[in-house]
Amino acid sequence: KREIEREKALEKREREREREMYAVTPPQRSDLGSNYGLRVYQTWKGSNIFCLQGRFIFGPDARSLGLTISLIVVPVIVFCIFVASKLMDDFSDTWGLSIVSVAVVFTIYDIILLMLTSGRDPGIIPRNSHPPEPEVIDGNSGTSQTPRLPRVKEVEVNGNIFKVKYCDTCMLYRPPRCSHCSICNNCVERFDHHCPWVGQCIAQRNYRFFFMFVFSTTLLCVYVLAFCCVYIRKIKESEDITIWKAMLKTPASIALIIYTFICMWFVGGLTCFHLYLISTNQTTYENFRYSYDRRSNPHNKGVVDNFKEIFCSAIPPSKNSFRAMVPREAPMPPRSAVGGGFMSPNMGRGNDEIEMGRKGVWAMAEHGDDKNVGNNERFHVNDDELGDIRTTTDDDEQSGSRPNIHPRHSSWEMSPEVMALASRRT
């Protein structure tokens, strides 16, 4: 009898320790409102770097942006001084001046596209200040019940079922095609990849500018290489010498030809790869993580519509107002559950399955997650109604501001219009 009681006491202590380890406790009253009077960018929890008082947002590796600019500007300066200026004497005044002008204008256009890619919000989803309300009760007995969030939720978009995953860092359910960037430490919509050359995530709101930047850089490389070859040919014809002796007379042209040829393989190959991704409506993340060869791509609308979606559709507004004032936060009411919190949906899972999602949406759909099927919530949404799906519900949204900190009733909720539509379909 004593041994049985002792074993029960040990099991009870272990359960309490687990609850203390994984429970999310509400903030203390002394911490509430500590950020009141500051702006959102000043209390930003991600790893981003802000400039001009929150008007520009960069990734944590924004220093690489200077290297990228120098790799573009320095060769163009060398081209204008040692090649284009000499070609002005061989062509008429109009044509000779246009060679320099086109190079300068093209370079400025390329830098503008680079800044539009790097200095804007790529599509960051505002994180919640508190976890959403737990919806599932785990526990074998009535005395040890602990609220626990479901790890995944099911969402149906145009007849395709997606499993959206809970993010422990941002404390929200990530929408379809959203991923958590481990470098910027943010959940980003339609995440493509994090580019170290531009120092920013490439996602929904800057993918168009990123592709235009890569494509224009490819054209600039072709332009410089072509006129370097023209200059060498002009030397050969004017002095009646071999091509090798003409090349020795202009080492700057040889250096530019080698440099632009190497860069052209890099940016040109990247352009072709993203043309393929756009035509099939994939992201780099999806292409490397998943495989649509054995199953149909649910996002593919056809080549023409896929290109229209990238280049002709309106860029959605940012969900963040970085210059807005941080509102005063109301204290969380105490939870009724035992243990003062709830269990994390990723409790007991390996670190490689948390945040970045080693097993993607389609991998989970293929292998199944039977133990969570009963706990998942399914919503029926059309593709054109995805804009009504909200990651947060805040009173401040009605006034037009989208600060970084939101109340705890935010998870991955639906607007009343979409909920009404879902109820009619079910």
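Whatever comes next refers back to the structure up there.
Residues numbered from 1 in each chain as written. Predicted model: local features only at pLDDT ≥ 70, side-chain atom pairs only at ≥ 80, totals over all residues. Heavy atoms only, no water.

A.B. asks: So, the packing of aromatic side chains: which residues are in play, and what are the values?
C.D. replies: Under the defined criterion, the tally for this structure stands at 15 aromatic pairs. The structure contains a cluster of three or more aromatic residues connected by ring pairs, namely Tyr41, Trp44, Phe50 and Phe322. One cation-aromatic arrangement involves Arg190 over Tyr207; the distance from NZ or CZ to the ring centre is 5.7 Å. (Phe/Tyr/Trp six-rings, centres within 6.5 Å; stacked < 30°, edge-to-face > 60°. Lys NZ or Arg CZ within 6 Å of the ring centre and 35° of its normal.)

A.B. asks: Run through the pattern of salt bridges, naming residues and quoting values.
C.D. replies: Overall, the coordinates contain five salt bridges when judged by the stated rule. The closest approach of N and O atoms between Glu189 and Lys319, which form a salt bridge, is 2.9 Å. Taken together, the positions of Glu189 in the loop between strand S9 (186-188) and strand S10 (193-195) and Lys319 in the loop between helix H8 (303-311) and helix H9 (361-367) put the pair 130 residues apart, joining distant regions of the chain. When sorted by exposure, Glu189 lands in the same class as Lys319, which is buried. (Salt bridge = Lys/Arg side-chain N within 4 Å of Asp/Glu carboxyl O. Helix = DSSP H or I, 4+ residues; strand = E, 2+ residues; numbered from the N terminus. Buried < 20%, exposed > 50% of the residue type's maximum accessible area, 1.4 Å probe, protein only.)

A.B. asks: Explain the side chain of Thr280 to me, using residue names and the numbers behind them.
C.D. replies: For Thr280, the position within the fold is in helix H6 (residues 251-280). Judged by its relative accessible area of 17%, Thr280 is buried. Here Thr280 is in contact with Asn297, Asn300 and Asn306, once residues within four sequence places are set aside. (Contact = heavy atoms within 4.5 Å.)

A.B. asks: Before we move on, can you summarise the environment of Asp110 with the specific residues and values?
C.D. replies: With respect to the secondary-structure elements, Asp110 resides in helix H3 (residues 93-118). In this structure, the C-alpha to C-alpha distance between Asp110 and Val214, residues 104 residues apart in sequence, is 8.6 Å. Residues within four places of Asp110 in sequence aside, it is in contact with Ile72, Phe213, Ser216, Thr217 and Leu220. Among the polar contacts listed, one links the side chain of Asp110 to the side chain of Ser216, at a separation of 2.6 Å. (Polar contact = N/O pair within 3.5 Å; in protein donor to acceptor, adjacent residues only side chain to side chain.)

A.B. asks: An account of a nonpolar patch on the surface is needed here, citing residue identities and associated values.
C.D. replies: The grouping of Leu67, Leu71, Trp197 and Phe266 at the surface amounts to a nonpolar patch, some 390 Å² of accessible area in total. Along the chain, the position of Phe266 falls in helix H6. (Patch = residues over 30% accessible without salt bridge, like charges linked within 9 Å, V, L, I, M, F, W, Y side chains within 5 Å. Areas by Shrake-Rupley, 256 points an atom, 1.4 Å probe, with all protein chains shown as cover.)

A.B. asks: Before we move on, can you summarise H3 with the specific residues and values?
C.D. replies: Taking 1.5 Å as the rise per residue, H3 with 26 residues should run 38 Å; its terminal C-alpha atoms sit 38 Å apart, in good agreement. Buried residues of H3: Gly96, Ile99, Val100, Ala103, Thr107, Asp110, Ile111, Leu113, Leu114, Thr117 and Ser118, and no others. On the buried face of H3, the contacting elements are strand S2 (56-58), helix H2 (64-90), strand S11 (200-202) and helix H4 (207-239). (Expected span 1.5 Å × (residues − 1).)

A.B. asks: Can you break down the nonpolar core residue by residue, with the values?
C.D. replies: Counting 39 residues, the largest nonpolar core has Phe79, Val83, Phe213 and Cys228 as the members making the most contacts within it. For this core, the secondary structure elements donating two or more residues are H2, H3, H4 and H6. Among the elements that take part in this core, H4 stands out by supplying 13 residues, more than any other. Among residues more than four places away in sequence, those in contact with Cys228 are Phe79, Val83, Ser253, Leu256 and Ile257. Judged by nonpolar contacts, the second largest core, of nine residues, contains Trp44, Phe50, Ile124 and Val326. (Core = buried A, V, L, I, M, F, W, Y, C linked by side-chain atoms within 4.5 Å.)

A.B. asks: So what about unusual backbone geometry? Which residues, and what values?
C.D. replies: Non-glycine residue Leu52 carries a positive phi angle of around 55°. Residue position: Leu52 is located in the loop between strand S1 (49-51) and S2. You will see that Asp240, though not glycine, has its phi angle at about 55°, which is positive. With respect to the helices and strands, the residue Asp240 is situated in the loop between H4 and helix H5 (243-248). Classification of Asp240 as exposed rests on a relative accessible area of 71%.

A.B. asks: Lay out H2 in plain terms, naming residues and giving numbers.
C.D. replies: Across its 27 residues, H2 extends 39 Å between first and last C-alpha, which sits within 8% of the 39 Å expected from 1.5 Å per residue. The principal kink in H2, of about 40°, is found at Cys80. What H2 keeps buried is the set Leu65, Thr68, Ile72, Pro75, Val76, Phe79, Cys80, Val83, Ala84 and Leu87. On its buried side, H2 packs onto S2, H3, H4 and H6. (Bend = angle between axes of the 7 residues up to and from the residue.)

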